[in-house]
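# Topology and contacts: notes
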Amino acid sequence: EWFRNNVGSAKGIFIVPQMLRGGFFIGGAGGSGVLLAQDYRTGNWSYPAFYTMGSVSFGLQIGADVSEIILMVMTNRGMQAMLSTEFKLGGDIALAAGPVGASAKAQLADILAYGRSKGAYGGISVEGAVIAPRYEWNTTYYGKDVMLVDILMNQTVSNPQADNLRSALPIRQMKTKTVGQ
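Residues numbered from 1 in each chain as written. Predicted model: local features only at pLDDT ≥ 70, side-chain atom pairs only at ≥ 80, totals over all residues. Heavy atoms only, no water.

### Regarding the overall build of the chain
Within the chain, the secondary structure is distributed over 5 helices and 6 strands. If you list the helices and strands of the chain from N to C, you get α-β-β-α-β-β-β-β-α-α-α. Here the chain, with 181 residues, has 41% of them falling under the buried criterion. In the chain, the proportion of contacts linking residues at least 24 apart, taken out of those at least 6 apart, comes to 70%. (Helix = DSSP H or I, 4+ residues; strand = E, 2+ residues; numbered from the N terminus. Buried < 20%, exposed > 50% of the residue type's maximum accessible area, 1.4 Å probe, protein only. Contact = heavy atoms within 4.5 Å.)

### What to know about the pattern of salt bridges
Pairs can form between side chains of opposite charge once their charged atoms are near each other. Evaluated as defined, the whole model comprises 4 salt bridges. With its nearest N and O atoms 3.3 Å apart, the salt bridge here joins Arg-77 to Asp-110. Taken together, the residues Arg-77 in helix α2 (residues 76-82) and Asp-110 in the loop between β4 (95-97) and β5 (111-120) connect sequence positions 33 residues apart. On the accessibility criterion, Arg-77 (51% relative accessible area) is exposed. Its relative accessible area of 7% is what places Asp-110 among the buried residues. A salt bridge links Glu-136 to Arg-134; the shortest N-O distance between them is 3.7 Å. Residue classification places Glu-136 among the partly exposed positions, given a relative accessible area of 46%. (Salt bridge = Lys/Arg side-chain N within 4 Å of Asp/Glu carboxyl O.)

### Let's talk about the confidence of the model for the chain
With 75% of its residues at a pLDDT of 70 or more, the chain has an overall mean of 80. When the elements of the chain are averaged for pLDDT, β4 gives the smallest value, 67, and helix α3 (residues 135-142) the largest, 97. This model gives residues 175-181 a pLDDT under 50, and the stretch forms 0 contacts once residues within four places in sequence are excluded. (pLDDT = per-residue confidence, 0-100.)

### Section: the packing of aromatic side chains
Two descriptors summarise a pair of aromatic rings, namely the distance from one centre to the other and the angle between the planes of the rings. For the coordinates displayed, the defined rule picks out 5 aromatic pairs. Taking the centre distance of 5.0 Å and the plane angle of 70° together, the rings of Phe-3 and Tyr-114 count as edge-to-face. A residue pair is termed long-range when its members are at least 10 positions apart, and Phe-3 in helix α1 (residues 2-6) and Tyr-114 in strand β5 qualify at 111 residues. Taking the centre distance of 5.9 Å and the plane angle of 70° together, the rings of Phe-50 and Trp-137 count as edge-to-face. Highlighted residues: Phe-50 in strand β2 (residues 49-73) and Trp-137 in helix α3, separated in sequence by 87 residues. What links up through ring pairs into an aromatic cluster is the set Phe-50, Trp-137, Tyr-141 and Tyr-142. (Phe/Tyr/Trp six-rings, centres within 6.5 Å; stacked < 30°, edge-to-face > 60°.)

In structure tokens, the structure reads:
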């Protein structure tokens, strides 16, 4: 409920529909997703930019699972990290598990993580995962070389195939001044 009520105030949303993870002493996880950014002036969501997310782990572990991950980018610092060539969650920016429930207070983190998992592996963790842009996918999707800032911040490129996704995201309510205030 907290997620639904607050996604409109996020600076960006990163959706990884399928994150595969497996391990037997040495583990790994990986998946691809899209990031959409919300224009702070208009509240409009950008078209998607493609990214990859992955991690490697060592230790007593065994199993495999598949997860759905959503990261809410809550700060300018978090958004700047997403525009970089790659960064590590929890290392380069502050990461927290997303609040749940109607009265949950937003945590002071650059990115809030939500996930759902199926399989035989204990818990979901994105701490330490590396996120990097998939430049070749962005070029293919938009039919030309594009920069992340043009997709996400300047919003100068478009592809109508993403219109349904963009319209599913709530737009931040803009505060308007009335005469006399």
